[in-house]
Amino acid sequence: MPTKILRIGLIGAGMAGQAHAFGYRNASMADPLRGVQVELAHVVDAFAPLAQDVAERYGFEKWGSSVDELLADPSIDAVSVALPNNQHVDVLTKVLASGKHVLTEKPLGLDGSQASQLAALAADPARKGTVDAVGFSYRRIPGLAALRDAVAEGAIGEILHFEASYYSDHAADPAVPFTWRFEASTSGGGALIDIGAHALDAIEFVVGPVREVQGANFATYITERKDATGTVRPVTNDDAAAVLLVAGRNAMGVLQTSRVAYGRPNALTLTVFGVRGSATFSTEDFNQFTIHLAEGDPRFDGPRRVITGPLHGAYSDVSSFRSRGVGTGYGEAFIAQVQAFLGCIVNGTQMETNFAAAAATMRILDAANEAAATGRAVPVETGAHA
Ligand SMILES: NC(=O)c1ccc[n+]([C@@H]2O[C@H](COP(=O)([O-])OP(=O)(O)OC[C@H]3O[C@@H](n4cnc5c(N)ncnc54)[C@H](O)[C@@H]3O)[C@@H](O)[C@H]2O)c1
């Protein structure tokens, strides 16, 4: 017998919305959610046939295209939002006003100003007791969580410097059609805000808050693309970016990102160098990480490959078998993210990536834009991060 029923609404049935649906369908794998029954109540998308398709494939009771109708349903407890970035501010304002728990996709709006506006609405005393969460899904990968543990527990000592990258080839072919992702007014930015934001979050997750953007460079290589109707449209945001950062206590590092990186279809990599060792995680070696501890006989030391298992992050809650080496994939990161969100609802807590934390991330992206425009270092206000 369920002790608690949580009814879910999903706004946006595209790529990320379907990953959320997959997460909700499998959320009950987590021990702490024993007794919680998740019901997929209603999915909406501006393109109604997509909402219908997703409802039928994932098992939502109802589908449609009206956000207002979904939010007016008092039986729905929690809402996931996975929309183009320019829709976030309007739709999330309504979701927050509805009093429902909310899990939304990164980035929070188009820029720091929209993100701060949403964080202020989320902090309204009228919403006390409701969860506001932003899905930085890469935090849920066991190998990256292991790096965080290694740094937090001092295994490799204070971090001196780091290197982060997120490469993708999803836009490398000039024939890839123009969508909202290639237009500044609908996306807020290109590779850096879309995928680089995950590498930025990985830096903050493992090393600590970003304190300064010391320099940034953005480039657009494919300057126009045809949209679905064949009309040629200018690309108005970055295909690639490089950012010089200071994070944690005083660690320096670089973040490189690109959506035109042939040969690296989807690769987030972070290496941290500390005073007693170093560690690396890459999504290209999803179920392992390497760690070098500068100790013992120097003739035999070297980076050690650790296969992930139940001792790492959310592994036990999402892996098909609770044994080391079986492994998890990116889909499981969405299960773990949904589990964390539902766990917060059940326990009356907030996720560490709440709206306030996500607004802080957006201020770093603003600082990168300012650094690129002025050629000057830009300090970043920290504090909202858990
Ligand atoms: N965490 C991740 O790994 C990850 C991956 C992909 C996308 N994202 C994020 O998810 C969000 C959505 O990206 P996507 O790739 O799913 O985009 P998408 O284009 O695949 O899907 C967006 C959907 O929203 C619908 N839509 C647009 N405006 C709407 C509105 N006002 N009301 C209802 N539906 C509306 C569109 O019809 C479309 O189906 C973005 O913010 C993106 O940054 C995150």
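One can find the structure itself at the top, above this paragraph.
Residues numbered from 1 in each chain as written. Predicted model: local features only at pLDDT ≥ 70, side-chain atom pairs only at ≥ 80, totals over all residues. Heavy atoms only, no water.

1. So, the packing of aromatic side chains
Two aromatic rings, taken as a pair, are described by how far apart their centres are and by the angle between their planes.
Then comes step 1: Following the criterion strictly, the structure yields five aromatic pairs and no others.
Then comes step 2: Between the aromatic rings of Phe178 and Phe182, the centroid separation amounts to 6.3 Å while the plane-to-plane angle is 40°, which identifies the pairing as tilted. When sorted by exposure, Phe178 lands in the same class as Phe182, which is buried.
Then comes step 3: Each member of the aromatic cluster is reached from another via a ring pair, and the members are Tyr138, Tyr166, Tyr330 and Phe334. (Phe/Tyr/Trp six-rings, centres within 6.5 Å; stacked < 30°, edge-to-face > 60°. Buried < 20%, exposed > 50% of the residue type's maximum accessible area, 1.4 Å probe, protein only.)

2. Focus: the side chain of Lys100
Then comes step 1: With respect to the helices and strands, Lys100 occurs in the loop between helix H4 (88-97) and strand S5 (101-105).
Then comes step 2: Notably, Lys100 is buried but unbridged: the nearest opposite-charge side chain belongs to Asp73, and the N-O separation is 6.0 Å.
Then comes step 3: Beyond its immediate chain neighbours, meaning those up to four positions away, Lys100 contacts Leu70, Leu71, Asp73, Pro74, Ile76, Asp77, Val79, Val95 and Arg127. (Helix = DSSP H or I, 4+ residues; strand = E, 2+ residues; numbered from the N terminus. Lys, Arg positive; Asp, Glu negative; His and termini not counted. Salt bridge = Lys/Arg side-chain N within 4 Å of Asp/Glu carboxyl O. Contact = heavy atoms within 4.5 Å.)

3. Thoughts on the site of the ligand
Then comes step 1: The environment of the ligand is formed by 24 residues, the closest being Ala16, Asp45, Asn85, Gln87 and Tyr330.
Then comes step 2: Asn85 is positioned such that a nitrogen or oxygen atom in its side chain is 2.7 Å from an oxygen atom of the ligand.
Then comes step 3: Between the ligand and the protein, one listed contact pairs an oxygen atom with a backbone N or O atom of Lys106 at 2.9 Å.
Then comes step 4: Within the complex, the protein chains bury 83% of what would otherwise be the 850 Å² of accessible surface of the ligand.
Then comes step 5: When its residues are assigned to classes, the shell around the ligand shows 13 nonpolar, six polar and five charged. (Near = heavy atom within 4 Å. Polar contact = N/O pair within 3.5 Å; in protein donor to acceptor, adjacent residues only side chain to side chain. Areas by Shrake-Rupley, 256 points an atom, 1.4 Å probe, with all protein chains shown as cover. Nonpolar A, V, L, I, M, F, W, Y, C, P; charged D, E, K, R; others polar.)

4. A few points about the pattern of salt bridges
Pairing between side chains becomes possible if they bear opposite charge and their charged atoms approach one another.
Then comes step 1: Applying the stated rule across the entire model yields 17 salt bridges.
Then comes step 2: Notably, a salt bridge pairs Glu352 with Arg139, separated by 2.9 Å at the nearest N-O pair. Taken together, the residues span a long stretch of sequence, with Glu352 in the loop between helix H10 (330-347) and helix H11 (355-374) and Arg139 in the loop between strand S6 (132-135) and helix H6 (142-152) at a distance of 213 residues.
Then comes step 3: In this structure Glu352 comes out as partly exposed when scored by relative accessible area, which is 26%.
Then comes step 4: What makes Arg139 buried here is its relative accessible area of 9%.
Then comes step 5: Across the pair Asp227 and Arg233 runs a salt bridge, and its minimum N-O distance is 3.3 Å.
Then comes step 6: Salt bridges sharing partners connect three or more residues here, namely Arg139, Arg148, Asp201 and Glu352.

5. Details of the sheet that holds S5
Then comes step 1: Taking strand neighbours across the sheet as the criterion, the six strands line up as S3-S2-S1-S4-S5-S6 in an open arrangement whose pairing is parallel. Looking along the sheet, the strands with just one partner apiece sit at the ends: strand S3 (62-64) and S6. Averaged over all pairs of adjacent strands, the angle between strand axes in this sheet comes to 20°, irrespective of strand direction.
Then comes step 2: The pairing of strand S1 (residues 4-11) with strand S4 (residues 78-81) spans four bridges and is classified as parallel. Counterpart to Ile8 in the pairing with S4 is Ala78. (Pairing = 2+ DSSP bridges. Axes fitted to C-alpha atoms, helices over the stretch in contact; angles between N-to-C directions.)

6. Some points on H11
Then comes step 1: Helix length check: H11 (20 residues) gives 28 Å between terminal C-alpha atoms against 28 Å at 1.5 Å per residue, within 8%.
Then comes step 2: Listed in full, the buried residues belonging to H11 are Phe355, Ala357, Ala358, Ala359, Ala360, Thr361, Met362, Ile364, Leu365, Ala367, Ala368 and Ala371.
Then comes step 3: With its phi angle positive at about 75°, Gly375 sits one or two positions after the end of H11. (Expected span 1.5 Å × (residues − 1).)

7. Some remarks on the pairing of strand S14 (residues 277-282)
Then comes step 1: Counted residue by residue, S14 has five buried out of six residues, so it is predominantly covered.
Then comes step 2: Counting the residues between successive antiparallel strands, the hairpin from strand S13 (residues 266-274) to S14 contains two residues.
Then comes step 3: Counted along the chain from S14 to the antiparallel partner strand S15 (residues 288-293), the turn is five residues long.

8. What to know about the packing of helix H1 (residues 15-26) against helix H2 (residues 48-58)
Then comes step 1: Interaxial distance between H1 and H2 falls to 11 Å at its minimum, and their mutual angle equals 20°. It follows that H1 is roughly parallel to H2 by the angle criterion. In this structure, H1 crosses over H2, and the sense of that crossing is right-handed. On the side of H1, the interface is formed by Gln18, Ala21, Phe22 and Arg25, while H2 contributes Leu50, Val54, Arg57 and Tyr58.
Then comes step 2: For the contact of H1 with H2, the per-class residue count stands at five nonpolar, one polar and two charged. (Parallel < 35°, antiparallel > 145°, perpendicular 65-115°, else oblique. Left-handed = near helix turned anticlockwise from the far one by under 90°.)

9. Brief notes about the sheet that holds strand S7 (residues 159-168)
Then comes step 1: Taken in spatial order, the nine strands line up as S16-S15-S14-S13-S7-S12-S11-S8-S17 in an open sheet, and their pairing is mixed. The open sheet has two edge strands with one neighbour each: strand S16 (304-307) and strand S17 (378-379).
Then comes step 2: In this sheet, S13 lies alongside S7 in antiparallel orientation, the contact comprising nine bridges. Across the sheet, Tyr167 pairs through a bridge with Ala267, a residue of S13.
Then comes step 3: Taken strand by strand, H11 contacts strand S8 (210-219), strand S11 (240-247) and S17, and its axis lies near 55° from that of S8.

10. Focus on the environment of Phe178
Then comes step 1: In this fold, Phe178 is placed in the loop between S7 and helix H7 (184-187).
Then comes step 2: In this structure, the C-alpha to C-alpha distance between Phe178 and Phe162, residues 16 residues apart in sequence, is 34 Å.
Then comes step 3: Every residue in contact with Phe178, bar those within four places of it in the chain, is listed here: Glu183, Arg225, Lys226, Asp227, Arg233 and Pro234.

11. Section: H1
Then comes step 1: With 12 residues, H1 should cover 16 Å at 1.5 Å per step; its first-to-last C-alpha distance of 17 Å lies within 8% of that length.
Then comes step 2: By the burial criterion, the buried members of H1 are Gly17, Gln18, Ala19, His20, Ala21, Gly23 and Tyr24.
Then comes step 3: Where H1 is buried, its residues contact S1, strand S2 (36-44), H2, S4, S5 and H10.

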